[in-house]
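# Reading the structure
Take a look at the letters that make up each chain.
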Amino acid sequence: QLILSAKDVNIQFNLRGKVLHAIRGIDLDLYQGEVLAIVGESGSGKSVFTKSFMGLLDANGSITSGIIDYYGMADGKPLRLSDLRTEKDWLRVRGREIAMVMQDPMTSLNPLKKIGKQIQESIEHHQGLKGEAAKKAAIEMLAKVGIPDPERRYDQYPHEFSGGMRQRVVIAIAAACRPQVLICDEPTTALDVTIQAQILQLIRDLQKELGMSVIYITHDLGVVSEICDKIIVMYAGKVVEEGMSRQIFYERCHPYTEGLLASVPKLDSDVSEKLKPIKGNPPDMSAVKPGCAFAPRCSCAMKICVREEPPECELDETHKASCWQVIKKAMQNT
């Protein structure tokens, strides 16, 4: 069952007289219980796109065209998120239906308020519980996300927790609302690999237990290889390749996807083997040139890549890519 759908979404920001076209015609379909990864370098538009699902765009940003529909409302009617304007409208959705785990837990937690009270606030607001019942639910949520001795930890402050534990608390606050969709914006970036694995497993366990759909934002394909069902690869505000997890890892066809995977360290590689970074820098989104945005960094770019933007090529029902090389190969095989 479809839970969230975006069609031809465009988002722009006004920056000192310049117009920055951050999101350029993106489509997305998220289904109930699905784990979707959105992958790309910093500045590719991943966070901006997903923040539009919760009305969290900066004041100078707006959805200029396209539609975003949410299908999880209790009355069964789709809610057009792209038409919501006021904070009162967004409070129906934010937290209760769609929740977000931010990259840095310290920016999400109030340093002057006890951890338990912050979780309890969320429970009281979205679940309608009060007093001791809300406190009990908050302690249970702490235990559910793997915080040891939750009764004692309930009365502690954020600075008394490690980075990994703070991230668990932020996940607890988001999951306490029992949302239909949980957006995780690079929640493991500042953590070591052991804690990363624990946080990823925690998100997966909560997703299965609560039946949530999860959107996982990351720049590292290696992080999401074990947890996601579907992957969208973004570059310069557009989707350049999308497919099921196995297709992106074993049947990838866009040079940018290839570059992202080549830059991930491999355990079985020789110690003398160097990582292969993607040469060059992402484009300036306030001055996007004609043609494929990745062409200046692509080792197999053709003349047409500089002149014309490639259309989306459907390789099969679940695998699509926007690349002239892919279109050329598809035409040769027909």
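So, a few notes on the structure that sits alongside this text. Fair warning: this is a prediction, and the values are worked out from it, not measured in the lab.

This part covers the sheet that holds strand S7 (residues 181-185). Taking strand neighbours across the sheet as the criterion, the eight strands line up as S6-S7-S8-S3-S9-S10-S12-S11 in an open arrangement whose pairing is mixed. Looking at the sheet topology across the chains shown, the edges are occupied by strand S6 (98-101) and strand S11 (313-314). The pairing of strand S3 (residues 35-39) with strand S8 (residues 213-218) spans five bridges and is classified as parallel. Paired with Val-35 across the bridge in S8 is Val-214. Sitting on the sheet, helix H8 (residues 193-210) is in contact with S3, S7 and S8, with an inclination near 160 degrees to S8.

Okay, the pairing of S6 next. Here S6 shows two buried faces, one formed by Ile-98 and Met-100 and the other by Ala-99 and Val-101. Bridge count between S6 and S7: four bridges; the pairing is parallel. Directly across from Met-100, in S7, lies its bridge partner Ile-183.

Counting buried positions over the six residues of S8 gives six, a clear majority of the element. Burial along S8 is two-sided: the face carrying Ser-213, Ile-215 and Ile-217 and the face carrying Val-214, Tyr-216 and Thr-218 are both buried. With respect to chirality, the unit in which S7 leads through H8 into the neighbouring parallel S8 is right-handed.

What counts, and where the lines are drawn
- Residues numbered from 1 in each chain as written.
- Predicted model: local features only at pLDDT ≥ 70, side-chain atom pairs only at ≥ 80, totals over all residues.
- Heavy atoms only, no water.
- Pairing = 2+ DSSP bridges.
- Helix = DSSP H or I, 4+ residues; strand = E, 2+ residues; numbered from the N terminus.
- Contact = heavy atoms within 4.5 Å.
- Axes fitted to C-alpha atoms, helices over the stretch in contact; angles between N-to-C directions.
- Buried < 20%, exposed > 50% of the residue type's maximum accessible area, 1.4 Å probe, protein only.
- Right-handed = clockwise from strand over helix to strand, strands pointing away.

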